[in-house]
There are 2 protein chains.
Amino acid sequence: MNIVLLPAEHCQAAPWVIDDPRQLQHIKQHLAAVPGDTLKVGIRAGQRYLTQIVAMSEHRIELQPISSQPPAAKLPITLIVAMPRPKVLRRLIMDSVSLGVEKIVLLHSYRVDKSYWQSPLLLQLDDYVTLGLEQAGDTIAPQIEIFKRFKPFVEDVLPSYVSAERPAFVAHPYAEQTMPFACNHGCTVIIGPEGGFIPYEIELLEKNGVQAVSLGQRILRTETAISYILGRLMSQF
Amino acid sequence: MNIVLLPAEHCQAAPWVIDDPRQLQHIKQHLAAVPGDTLKVGIRAGQRYLTQIVAMSEHRIELQPISSQPPAAKLPITLIVAMPRPKVLRRLIMDSVSLGVEKIVLLHSYRVDKSYWQSPLLLQLDDYVTLGLEQAGDTIAPQIEIFKRFKPFVEDVLPSYVSAERPAFVAHPYAEQTMPFACNHGCTVIIGPEGGFIPYEIELLEKNGVQAVSLGQRILRTETAISYILGRLMSQF
């Protein structure tokens, strides 16, 4: 937690208040903060602040803002990813958010086990977003969209995410073209499930404006691939 | 597991033999392979093979090699990382190996909890390397070195890892220079612990030929930072 994210209603009048048990525990136990210490705070969808702790009790920390700055810019990336196994979902959302992805789409695909869509962890996406924002020191949640049918998404929705200024790439180990790097424009990045997209899916993506590109011979885990690809594409941002 | 990694002694005479319980379980349950199916196999420190399953029993699978190819090239990266929390260690080693890092150094630093060096997981590094190789489809283990004292390492060992052709970079959020990208040469990359290196450590690294460079305002988890940085630096490889 590199910033404590607060709802705007906790910061409307001085002193500002932290009363979330998870945040209180982190500040007291992990940071071992005491009154007088400074604390980095972000207001959801707002500015980042350096604050000072003016009072602490068991269920409440009170803060005085000292100075402010705007949140870091997002990366101009739309990340479309085949729904991962539930235990991967938390890290994937958290990492994508902390890397600064603008929009995340969770998509069904042939090799996605249908049971993944029943996972109770899908109801906790907002919590994972909060963890990612607090890790990165960001305040602005990305847009998250869920599409449980591959073909209608690719044919009806995806084309609106693709343009000459914002090309779309699907990572595909058998593509001849290699993935570009150091782009000076936004991109849409599409990542398949464990085992990859099936040939029909790759063809449908290509028919709808997506370029299949290779990352070389190594096969990476989904989360590893996402940060590797964003480092590669977004090195000018 | 995108390749089944076998010791050379299992592949000296036909048929080749898989008898490792973890690998047998993966092939039978996850891949649901049957005799006649093909299977990707790598010989440790050797070639990669497409093989055919010629016999299966409870404790043994027999293979016939069909064709071979060399393993993917490593990335010319020496990764020096402050010893992470034990639960992060497994993923960190596995990801670094699957990304193709040539050499990994685990290093002590002021903000590394001394208890991390007592973790029994440190004895399982070889297993994590195997998982990373099997994920990536690689056969060649990286070199792994462990240094439990920061200053002697930085002053006596590190300079031999740094040269004009292989510059060293430490990721440091307060550096003015930003990290380069799309290098056409090898690099040494140094990643601090949770909370970062202390100023004394950054100074000592800089005195010994390391450039402190920033990745922007976002603070990433160690594992996320590693793959993001390698994607950024190594996009020409």
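Remember, predicted model here, so these are calculated numbers, not experimental data.

Cut-offs and rules
Residues numbered from 1 in each chain as written. Chains lettered and ligands numbered in written order. Predicted model: local features only at pLDDT ≥ 70, side-chain atom pairs only at ≥ 80, totals over all residues. Heavy atoms only, no water. Core = buried A, V, L, I, M, F, W, Y, C linked by side-chain atoms within 4.5 Å. Buried < 20%, exposed > 50% of the residue type's maximum accessible area, 1.4 Å probe, protein only. Contact = heavy atoms within 4.5 Å. Axes fitted to C-alpha atoms, helices over the stretch in contact; angles between N-to-C directions. Helix = DSSP H or I, 4+ residues; strand = E, 2+ residues; numbered from the N terminus. Parallel < 35°, antiparallel > 145°, perpendicular 65-115°, else oblique. Left-handed = near helix turned anticlockwise from the far one by under 90°. Nonpolar A, V, L, I, M, F, W, Y, C, P; charged D, E, K, R; others polar. Arc of directions from axis to C-beta. Domains from an automatic or database assignment. Buried area = accessible area lost by both parts, 1.4 Å probe. Salt bridge = Lys/Arg side-chain N within 4 Å of Asp/Glu carboxyl O. Polar contact = N/O pair within 3.5 Å; in protein donor to acceptor, adjacent residues only side chain to side chain. Expected span 1.5 Å × (residues − 1). Pairing = 2+ DSSP bridges. Phe/Tyr/Trp six-rings, centres within 6.5 Å; stacked < 30°, edge-to-face > 60°.

### Remarks on the nonpolar core
One broad rule of soluble globular proteins: the nonpolar side chains tend to lie buried together.
Part 1 of the argument: Membership of the largest hydrophobic core comes to 78 residues, with the highest contact counts inside it found for A:Ile77, A:Ile93, A:Leu233, B:Ile77, B:Ile93 and B:Leu233.
Part 2 of the argument: Those residues in contact with A:Ile93 that sit more than four places away from it in its chain are A:Ile104, A:Leu125, A:Tyr128, A:Val129 and A:Ile144.

### Comments concerning the packing of helix 4 (residues 150–157) of chain B against helix 5 (residues 199–207) of chain B
Residues and elements named next belong to chain B.
Part 1 of the argument: Following both chains from N to C, one finds helix 4 and helix 5 inclined at 15°, their axes separated by 10 Å at the closest point. Between helix 4 and helix 5, the angle falls in the class roughly parallel. Along this stretch, helix 4 crosses helix 5, giving a crossing that reads as right-handed. Across the interface between the two elements, Phe150, Lys151, Val154 and Glu155 from helix 4 touch Tyr200, Glu201, Leu204 and Leu205 from helix 5.
Part 2 of the argument: By residue class, the composition of the contact of helix 4 with helix 5 is five nonpolar, no polar and three charged.

### Some thoughts on helix 5 of chain B
Residues and elements named next belong to chain B.
Part 1 of the argument: By the burial criterion, the buried members of helix 5 are Glu201, Ile202, Leu204 and Leu205. The arc that holds every buried residue of helix 5, seen down its axis, measures 165°, which confines them to one face. Structural note: helix 5 exposes Pro199 and Lys207 on the side pointing more than 90 degrees away from its buried face.
Part 2 of the argument: On its buried side, helix 5 packs onto helix 4, strand 9 (168–171), strand 10 (187–191) and strand 11 (210–213).
Part 3 of the argument: A positive backbone phi angle near 95° is found at Gly209, which sits one or two residues after helix 5.

### Regarding the domain arrangement of chain A
Residues and elements named next belong to chain A.
Part 1 of the argument: Considered domain by domain, chain A is made up of domain 1 (4–69) and domain 2 (75–233).
Part 2 of the argument: Between the C-alpha centres of domain 1 and domain 2 the distance comes to 33 Å.
Part 3 of the argument: If you look at the interface, domain 1 gives 11 residues, while domain 2 gives eight residues.
Part 4 of the argument: Of the roughly 650 Å² buried at the junction of domain 1 and domain 2 (both faces included), carbon and sulfur atoms supply 49%.
Part 5 of the argument: The largest contributions to the domain 1 side of the interface with domain 2 come from Leu5, Arg22 and Arg44, which together make up 60% of the buried area.
Part 6 of the argument: Put simply, domain 1 and domain 2 have one salt bridge between them.
Part 7 of the argument: The closest approach of N and O atoms between Glu134 and Arg22, which form a salt bridge, is 2.8 Å.
Part 8 of the argument: Where domain 1 packs against domain 2, one counts seven residue pairs in polar contact (both at pLDDT 80 or more).
Part 9 of the argument: Looking at the side of domain 1 that touches domain 2, the elements that each hand over two or more residues are strand 1 (4–6), helix 1 (21–30) and strand 3 (38–43).

### With respect to helix 3 (residues 125–136) of chain B
Residues and elements named next belong to chain B.
Part 1 of the argument: If you check helix 3, its first and last C-alpha atoms are 17 Å apart, about what 12 residues at 1.5 Å a residue would give, namely 16 Å.
Part 2 of the argument: The buried count for helix 3 comes to nine of 12 residues, which makes it a mostly enclosed element.
Part 3 of the argument: Along helix 3, the positions that sit buried rather than exposed are Leu125, Tyr128, Val129, Thr130, Gly132, Leu133, Glu134, Gln135 and Ala136.
Part 4 of the argument: Buried residues along helix 3 sit against strand 1 (4–6), helix 1 (21–30), helix 2 (86–99), strand 7 (101–107) and strand 8 (143–147).
Part 5 of the argument: The positive-phi residue at the C-terminal boundary of helix 3 is Gly137, with phi of around 80°.

### So, the sheet that holds strand 8 (residues 143–147) of chain A
All names here are of chain A.
Part 1 of the argument: Pairing in this open sheet of six strands is parallel, and the strands run 8-7-6-10-9-11 from one edge to the other. Lying at the two open borders of the sheet, with one neighbouring strand each, are strand 8 and strand 11 (210–213). Here the strands of the sheet are splayed against their neighbours by 20° on average, with no regard to which way each runs.
Part 2 of the argument: Looking at chain direction, strand 6 (residues 75–82) and strand 7 (residues 101–107) are connected through six bridges and run parallel. Bridge pairing links Ala82 to Leu107 in strand 7.
Part 3 of the argument: Sitting on the sheet, helix 5 (residues 199–207) is in contact with strand 9 (168–171), strand 10 (187–191) and strand 11, with an inclination near 135° to strand 11.

### Topic: the interface of chain B and chain A
Part 1 of the argument: Contact with chain B, which involves 38 residues of that partner, is made by 36 residues of chain A.
Part 2 of the argument: Contact between chain B and chain A buries roughly 3,000 Å² in total, counting both sides, with carbon and sulfur atoms accounting for 50%.
Part 3 of the argument: When the buried area of chain B at its contact with chain A is split by residue, B:Arg218, B:Arg221 and B:Tyr228 rank highest and sum to 24% of it.
Part 4 of the argument: Where chain B packs against chain A, one counts four salt bridges.
Part 5 of the argument: Among the elements of the structure, helix 2, helix 3 and helix 6 (222–233) of chain B are those that each provide at least two residues to the side of chain B that touches chain A.
Part 6 of the argument: For the side of chain B that touches chain A, the residue count by class is 16 nonpolar, 12 polar and 10 charged.

### Here's the deal with the environment of A:Ala45
All names here are of chain A.
Part 1 of the argument: One can find Ala45 in the loop between strand 3 and strand 4 (48–57).
Part 2 of the argument: By relative accessible area, which is 65% here, Ala45 ends up exposed.
Part 3 of the argument: Considered as a pair, Ala45 and Pro71 are 26 residues apart in the sequence and their alpha carbons are 8.8 Å apart.
Part 4 of the argument: With residues up to four places along the chain from it excluded, the contact list for Ala45 reads Thr139 and Ile140.

### Re the packing of aromatic side chains
Residues and elements named next belong to chain B.
Part 1 of the argument: On inspection of all chains with the given rule, the structure shows eight aromatic pairs over all chains.
Part 2 of the argument: Measuring from ring centre to ring centre gives 4.6 Å for Phe147 and Phe153, while their planes differ by 45°; the resulting arrangement is tilted.
Part 3 of the argument: For the ring pair Phe150 and Phe197, a centre distance of 5.9 Å and an interplane angle of 50° mean the geometry is tilted. Note that Phe150 is positioned in helix 4 and Phe197 in the loop between strand 10 and helix 5, a separation of 47 residues in sequence. For the pair Phe150 and Phe197, one class covers both residues: buried.

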